[in-house]
Amino acid sequence: MDALIGVPADELEHIRRLVPSLQNSGLVADAAEFPAEAIRRLAEAGALTAPLPIASGGLGLGTERHRGRVLLDFLHLLGQASLPLGRLVEAHVNALRIVARYGNTAQQTVVSAAVRDGALFALWVTDPPGDGGLSMVAGDARLALTGGKMFCSGAGFASHAVVTAADVARGETRLLLVDLGGLEHASPLPASLAGMKAAVTGQVDFTGVTLGVDRVIGDPGDYLREPDFSAGAWRSSAVALGGLHRLLDLLRLQLIGRGRQDDPHQRARFGQALIGHEAGWLLLEQAGTMAEDLEADSARIVSAVGLARIAVERACLDGIELMQRSLGIGAFLTGNPVERVARDLQTYLRQPAADEVLHNAAGYFMVNGLPAA
Ligand SMILES: Cc1cc2nc3c(=O)[nH]c(=O)nc-3n(C[C@H](O)[C@H](O)[C@H](O)COP(=O)(O)OP(=O)(O)OC[C@H]3O[C@@H](n4cnc5c(N)ncnc54)[C@H](O)[C@@H]3O)c2cc1C
């Protein structure tokens, strides 16, 4: 339907309408079971094509500039629906962004067609400790892969992946586009995660897989290129903040359900948690817009995102604590949805190198002056 005059159309209307049914459907298990039906419904609502460039049939979320505000709304909605679902779609957005930023036209065409056909992309960049990381040997026409990746969301279920691989002979790291469902072997982590189970985060061994050389994306070092490498963290924060929103909504309803909504201590805690959420949203709106617009200086973008990421982590951890104080032991009953959302959120918040992110962001603003008001 056309927008009313002066009122922008809600590009996310179908996804927004789906959120309550996903929250209450039981389609996302608290177990390592891939949420295939929930992903199917999200695909039907346009969530998997939304990251494609507009010319390829998408909304340009993550792949075009000046779409940061809508992308924040999108990822926050997914986090409200389910953190594991949000994680799976966030990875899909991140993978498609890499293809849009660094891939060639042929790769972008193939990927867009696959996504329009329902493909779910993963992004697997974490190597296992020790020597087992993914490496490649490049021949004239094909690449031979050895080793694997760890903490792979959607392992065994994603249809395609963007992965990093070490080209040991050249001392470089390359990005590869992989069609999954071939010779690679997905298995659970040696010990399972306490939360986020439905994101099916496992390990994948690519030993024996070969790929055409046309599957190499971009130039050596593209994956680590700033500001994208560090600033991409804002997208995972956006999903996490959606999880906090869900937690606070559940808290609100449970306090009302117990007739405790007028108690001044309960209100103070609820207000504090809400301040954390609202402040996190504003910071992410600002930093996410910078990260998607790519107009500011690279170090400034990375530092703004770093501060926002740490603020959102703090808001989520404080929100969990305040919710637990407010509901008491009820917050720890396994049938209570707040228990699971809190556990998923605590797990999902473990993103790399938190100390370094704050150290670098603080250092940037120490030397260059405070962010503009
Ligand atoms: C649910 C979930 C899904 C995931 N899915 C994917 C996926 O699909 N693909 C993928 O590639 N990865 C994935 N990951 C992995 C993720 O990207 C991170 O690699 C992982 O979560 C790192 O967490 P960490 O807290 O151990 O990080 P670390 O960086 O090890 O941080 C742990 C602590 O150590 C500190 N620290 C870090 N480095 C040092 C150092 N050198 N010296 C001293 N202290 C240090 C940090 O500041 C922090 O306090 C997933 C993780 C989760 C939780």
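As the structure is a computational prediction, the values presented were derived from the model and not from experiment. Just so you know, the residues in each chain are numbered from 1, in the order the chain's sequence is written. Residues qualify for local features only when their pLDDT is at least 70, as the model is predicted, and side-chain atom pairs are given and counted only at 80 or more; totals for whole chains, interfaces and linings, by contrast, use all residues. The side-chain quantities take in all heavy atoms of the structure and omit both hydrogens and water.

Turning our attention to the overall build of the protein chain. Here a strand is any run of E in DSSP of at least two residues, a helix any run of H or I of at least four, and the numbering for each starts at the N terminus. Along its length, the protein chain carries eleven helices and ten strands. Radius of gyration means the value over C-alpha atoms here, while the globule rule gives 2.2 Å times the residue count to the 0.38 power. Here the C-alpha atoms of the protein chain give a radius of gyration of 21 Å, agreeing with the 21 Å that 2.2 N^0.38 yields for 373 residues. With respect to the three principal axes, the spread of C-alpha positions in the protein chain is 70 × 50 × 45 Å. Partly exposed residues are those whose accessible area sits between 20% and 50% of the maximum for their type, while under 20% is buried and over 50% is exposed, using a 1.4 Å probe and protein chains only. Taking all 373 residues of the protein chain together, the buried fraction comes to 50%. Two residues form a contact once any of their heavy atoms are found within 4.5 Å. Counting contacts in the protein chain only where the partners sit at least 6 residues apart, residues at least 24 apart contribute 74% of the total. Computed by Shrake-Rupley with a 1.4 Å probe, the accessible areas treat only the displayed protein chains as cover when residues are assessed. Element-wise, carbon and sulfur atoms account for 56% of the exposed surface of the protein chain, whose accessible area totals about 17,200 Å². For the charge count, each Lys or Arg is scored as positive and each Asp or Glu as negative, with His and the chain ends excluded. Just so you know, the charge point we use is NZ for Lys, CZ for Arg, CG for Asp and CD for Glu. Positive and negative side-chain charges of the protein chain, numbering 32 and 41 respectively, have mean locations separated by a distance of 5 Å.

The element strand β4 (residues 148-152) is extensively covered by neighbouring structure, given that four of its five residues are classed as buried. With three bridges joining them, β4 and strand β8 (residues 202-205) adopt antiparallel strand pairing. By the bridge assignment, Cys152 is partnered in β8 with Gly202. Strand pairing is defined by DSSP finding a minimum of two bridges between the two strands.

Core analysis: the largest hydrophobic core is formed by 69 residues, its most contacted members being Leu42, Phe74, Trp234, Leu284, Met323 and Leu345. Among the elements of the structure, α1 (13-24), α2 (36-44), α3 (68-81), α4 (83-102), α7 (233-257), α8 (264-293), α9 (298-327) and α10 (337-348) are those that each provide at least two residues to this core. Each residue touching Leu345, except ones within four places of it in the same chain, is listed here: Leu83, Ala240, Gly243, Leu244, Cys316 and Ile320. We define the nonpolar core as a collection of buried residues of types Ala, Val, Leu, Ile, Met, Phe, Trp, Tyr and Cys that are connected through side-chain atoms lying within 4.5 Å of one another.

One can read the domain layout of the protein chain as domain 1 (13-120), domain 2 (122-219) and domain 3 (228-368). Each partner contributes residues to the interface: domain 1 has 24 residues there, and domain 2 has 21 residues. Surface buried jointly by domain 1 and domain 2 totals about 1,800 Å² across both partners, of which 73% is contributed by carbon and sulfur atoms. Summed over both partners, the accessible surface that disappears when two parts come together, traced with a 1.4 Å probe, is what is meant by buried area. A per-residue breakdown of the area domain 1 buries against domain 2 is headed by Phe34, Gln107 and Leu120, which together make up 27% of the total. The working definition used for a salt bridge is a side-chain nitrogen of Lys or Arg within 4 Å of a carboxyl oxygen of Asp or Glu. Across the contact surface, domain 1 and domain 2 share zero salt bridges. Polar contacts here mean pairs of N or O atoms no more than 3.5 Å apart (in protein, one a potential hydrogen donor and the other a potential acceptor; neighbouring residues in sequence count only if both atoms are side-chain atoms). The interface formed by domain 1 and domain 2 includes seven residue pairs in polar contact (both at pLDDT 80 or more). Looking at the side of domain 1 that touches domain 2, the elements with two or more residues in it are α4 and α5 (105-116). It is α4 that provides the largest number of residues to the side of domain 1 that touches domain 2, a total of ten residues. Residue ranges labeled as domains rest on an automatic or database domain assignment.

Here an angle of 0 to 180 degrees is reported between the N-to-C directions of two axes, which are lines fitted to C-alpha atoms, with helices fitted over the stretch in contact. Across the interface, α3 lies against α7 with an axial gap of 7 Å and an inter-helix angle of 50°. What the angle tells us is that α3 and α7 run oblique. Note on packing geometry: the crossing formed by α3 with α7 is right-handed. Judged by residue contacts, Gly68, Leu71, Leu72, Leu75, His76, Gly79 and Gln80 of α3 engage Trp234, Arg235, Ala238, Val239, Leu241, Gly242, Gly243, His245 and Arg246 from α7. All amino acids are sorted into three groups, where Ala, Val, Leu, Ile, Met, Phe, Trp, Tyr, Cys and Pro are nonpolar, Asp, Glu, Lys and Arg are charged, and the leftover types, Gly among them, are polar. Partitioned by chemical class, the residues of the contact of α3 with α7 number seven nonpolar, seven polar and two charged. To sort the angles, those under 35 degrees are grouped as roughly parallel, those over 145 as roughly antiparallel, those from 65 to 115 as roughly perpendicular, and the leftovers as oblique. Each crossing gets its hand from how the near helix is turned against the far one by less than a right angle, where anticlockwise is left-handed and clockwise is right-handed.

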